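Understanding the architecture of this molecule
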Amino acid sequence: MERLIIHGGKPLYGTIRVHGAKNAVLPIMAASLLAEEGVSMLDEVPYLQDVKTMKEVLLSLGVKIEEGDRWVLDSRELTSVEAPYELIGQMRASFLVMGPLLARMGKVKLSFPGGCAIGNRPIDQHLKGFEALGAKIRYEQGYIEAECPKLIGTSIYLDIPSVGATENIMMAACLARGETVIENAAEEPEITDLANFLNGMGAKIRGAGTDTIRIEGVSHLHGTVHTVIPDRIEAGTYMVAFAITEGEGFIEGVIAAHLTPVIAKLREMGVYVSEEERGIHVVGTQKLKPVDIKTLPYPGFPTDMQAQFMALLTKAAGTSVLTETIFENRFMHVPELVRMGAKIRTDGRTAIVEKSELVGAMVQATDLRAGAALILAGLAATGTTEIGQLHHIDRGYVSIESTLKSLGAEIERKSWSEPEGDGSPQRGHHLFIPAPSIARATLK
Ligand code: EPZ
């Protein structure tokens, strides 16, 4: 079992270079399935657990893959249309192979992707799109089978601007007969990056990045060379790290335009943020002001930065209100922050954050961004914080502890075997009860 040990209170100074975006490279890897000719080559692929999982999924479908500074993916001979149950369960984004397989092979069989800590993560909008394109969909024993010899372009209105559904349907529509229009599409930068990759493969996509995307179907697609966009959430996480430790740093390679709401909120809190040619300069301050934040689909404030800002807001001199409108259970980090002395009260999708003195404690990551929030809180807390369940964090951050150590943090990853026990909860393990009740109980 591994834990991160953080001795807090050290300001961070220095420069970090962001990696390629996890949420861009995963759909792009899935899209490489569409190339019947040639191979696809990807630069700036971040070496993350989720990327390794997506690689396993593609290998199981017959894709040949060479890792390295430049990844080479060869999908000329696919050998299966069924993604392994355990891999879909491991990472929901594996479901993004459904659109490409349906479009290219006319058939696909996948297990229902499970929910996760932050919500039940339905896929109704994905399936609505595939049915609109002409697919026949069957459900049996936890599997979904979709079949259609040739998809037919049509208009699809998404009830929710779902990132995954927009991506899955866009990929399927590339090989449909005629034009497909996706309305109320998600506008995230990762969707534009996917569309650029697909157009490089010979697709004809216009409007990616807006709420209306038009896809003119083509007969076949070929491999292409593509550089993955920088990870705006990794960049935002390190911006908060410099702010919460009252340090100063430069985030190199990030596209500032992808972080407008994050930059705006940091400035509202009194953090100095300067958008420069090669990246973003951040200077922390002792006098942080409270702000209210509501997560929204892009270009609104990103839900993937909500937990990190909650940690930061405990240092603001006053009361802040955080509203999570995207996922129904994305406050799992609250009870863990409360264990560190954070004064947070939740009510449904709203969290009230008061100024708090954070003190190190034993805590557990519950999901990727909650884990990042606990690291940020540990960096700012007095004393020592121990964080468990690191696999959540490794899904989305490339060697976060060595990066933070290079900036002056006292942080190390320790591993030791699980103590033999009678199965009763070990020190530091505690049963998770949904955040609201714990937070309320603790503060009563
Ligand atoms: C993507 O997830 C990201 N993951 C998430 O990042 C991100 O939080 C999310 O978009 C929102 O920006 C990847 O790109 C791999 P959605 P996705 O479909 O596509 C509901 C991280 O930390 N919904 O836009 O699954 C859904 O329940 C991860 O990097 C339906 O109701 O998100 C949610 O409430 C976490 N029906 C909302 O829409 C559907 O068919 C947004 O989900 C699909 C979604």
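See above for the structure.
This section reports on the structure supplied with the text. (Residues numbered from 1 in each chain as written. Predicted model: local features only at pLDDT ≥ 70, side-chain atom pairs only at ≥ 80, totals over all residues. Heavy atoms only, no water.)

Pairing is mixed across the open sheet formed by four strands, whose spatial order is β5-β6-β4-β15. Looking at strand neighbours, the two that pair on one side only are β5 (64-66) and β15 (225-227), the edges of this open sheet. Recorded for the sheet is a direction-independent mean angle of 15° between the axes of neighbouring strands. For strand β4 (residues 40-43) and strand β6 (residues 70-74), the ladder comprises four bridges, and the chain directions are antiparallel. Within the sheet, the bridge partner assigned to L42 lies in β6 and is W71. (Pairing = 2+ DSSP bridges. Helix = DSSP H or I, 4+ residues; strand = E, 2+ residues; numbered from the N terminus. Axes fitted to C-alpha atoms, helices over the stretch in contact; angles between N-to-C directions.)

Let us now look at the packing of aromatic side chains. Counted by the stated rule, this structure contains four aromatic pairs. Geometrically, the ring pair formed by Y47 and W71 is tilted, given 6.5 Å between the ring centres and 50° between the ring planes. Of the two residues, Y47 sits in the loop between β4 and α2 (49-60) while W71 sits in strand β6, which places them 24 residues apart along the sequence. Taking the relative accessible area as the measure of exposure, Y47 reaches 43% and is therefore partly exposed. Considering the side-chain rings of F301 and F309, the 5.0 Å spacing of their centres and the 90° angle between planes classify their relative orientation as edge-to-face. Taken as a pair, F301 and F309 share a single burial class, namely buried. Residue placement shows K109 over the ring face of Y143; its charged tip is 5.0 Å from the ring centre. (Phe/Tyr/Trp six-rings, centres within 6.5 Å; stacked < 30°, edge-to-face > 60°. Buried < 20%, exposed > 50% of the residue type's maximum accessible area, 1.4 Å probe, protein only. Lys NZ or Arg CZ within 6 Å of the ring centre and 35° of its normal.)

Any functional reading would require information beyond the geometric quantities listed.
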